[in-house]
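Here's the letter readout for the chains.
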Amino acid sequence: VKVTGNVLLTSEIPYEKGRGFRYYLDAVGGADAKGWKKKAYIIYPNGKADVASSFLFFTNYPKVTPGSQIIVPEKPQVKKISTGEFVSIAGVLASLAGVIIAILR
């Protein structure tokens, strides 16, 4: 079973019957800081793919078969709002509130 993507060590782990997705992920040291375990997927030897699915706090990982390849994708970049942008937005909202109050009087 080949484990690649955003993991600590890209490697091939010998298949062991009864072992699950997380066993192989843990065998390579797990996902790195940028790894998105909830969206990890597996490519089977026949070319088909299956994605991990999650609901609330539960994650259901796909079944592992001999010759499979597990891939952990990168988390998307999230741009944080800067202080200047926050102050600008707050100023616009305050001005808008003032206009609404003036109209309603």
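Check the entry above for the structure.
Enquirer: Is there a simple way to think about the sheet that holds strand E3 (residues 41-43) in this case?
Expert: Strand pairing in a sheet is mediated by backbone hydrogen bonds. Such pairs are either parallel or antiparallel. In space, the 5 strands of this open sheet follow the order E2-E1-E7-E3-E4, with mixed pairing throughout. The sheet terminates laterally at strand E2 (11-12) and strand E4 (49-51), the two strands that pair on one side only.

Enquirer: Honestly, the environment of Phe21 in this entry has me stumped. Any pointers?
Expert: By secondary structure assignment, the location of Phe21 is in helix H1 (residues 21-27). Residues Phe21 and Ile70, 49 residues apart in the sequence, show an inter-C-alpha distance of 8.1 Å. Among all residues touching Phe21, those that are not within four sequence positions of it are Ala40, Tyr41, Ile42, Tyr61, Pro62, Val64 and Ile70.

Enquirer: Looking at this model, I keep getting lost on the pairing of strand E1 (residues 2-5). Mind explaining?
Expert: Here is the key point about a regular strand: its side chains alternate between the two faces of the sheet. Bridge count between E1 and E2: 2 bridges; the pairing is antiparallel. The partner of Val3 across the bridge, within E2, is Ser11. When E1 meets strand E7 (residues 69-72), the two strands line up parallel, connected through 4 bridges. Across the sheet, the residue bridging to Lys2 is Gln69, located in E7.

Enquirer: What should I look at first to understand unusual backbone geometry in this one?
Expert: Most peptide bonds take the trans configuration, and most residues that are not glycine carry a negative phi. The phi torsion at Leu56 lies on the positive side, around 55 degrees, for a residue other than glycine. Structurally, Leu56 can be placed in the loop between strand E5 (53-55) and strand E6 (58-60).

Enquirer: I keep staring at the pattern of salt bridges and nothing clicks. Help me out?
Expert: If the charged atoms of two oppositely charged side chains come close together, the side chains can form a pair. Counted according to the given criterion, the structure contains 2 salt bridges. Here Glu16 ties to Arg19 by a salt bridge, and the two come within 3.5 Å at their closest N and O atoms. Taking the relative accessible area as the measure of exposure, Arg19 reaches 40% and is therefore partly exposed. Note that Glu85 and Lys79 form a salt bridge whose closest N and O atoms lie 3.5 Å from each other. The class of Glu85 is partly exposed, set by a relative accessible area of 35%.

The rules behind the values
- Residues numbered from 1 in each chain as written.
- Predicted model: local features only at pLDDT ≥ 70, side-chain atom pairs only at ≥ 80, totals over all residues.
- Heavy atoms only, no water.
- Pairing = 2+ DSSP bridges.
- Helix = DSSP H or I, 4+ residues; strand = E, 2+ residues; numbered from the N terminus.
- Contact = heavy atoms within 4.5 Å.
- Salt bridge = Lys/Arg side-chain N within 4 Å of Asp/Glu carboxyl O.
- Buried < 20%, exposed > 50% of the residue type's maximum accessible area, 1.4 Å probe, protein only.

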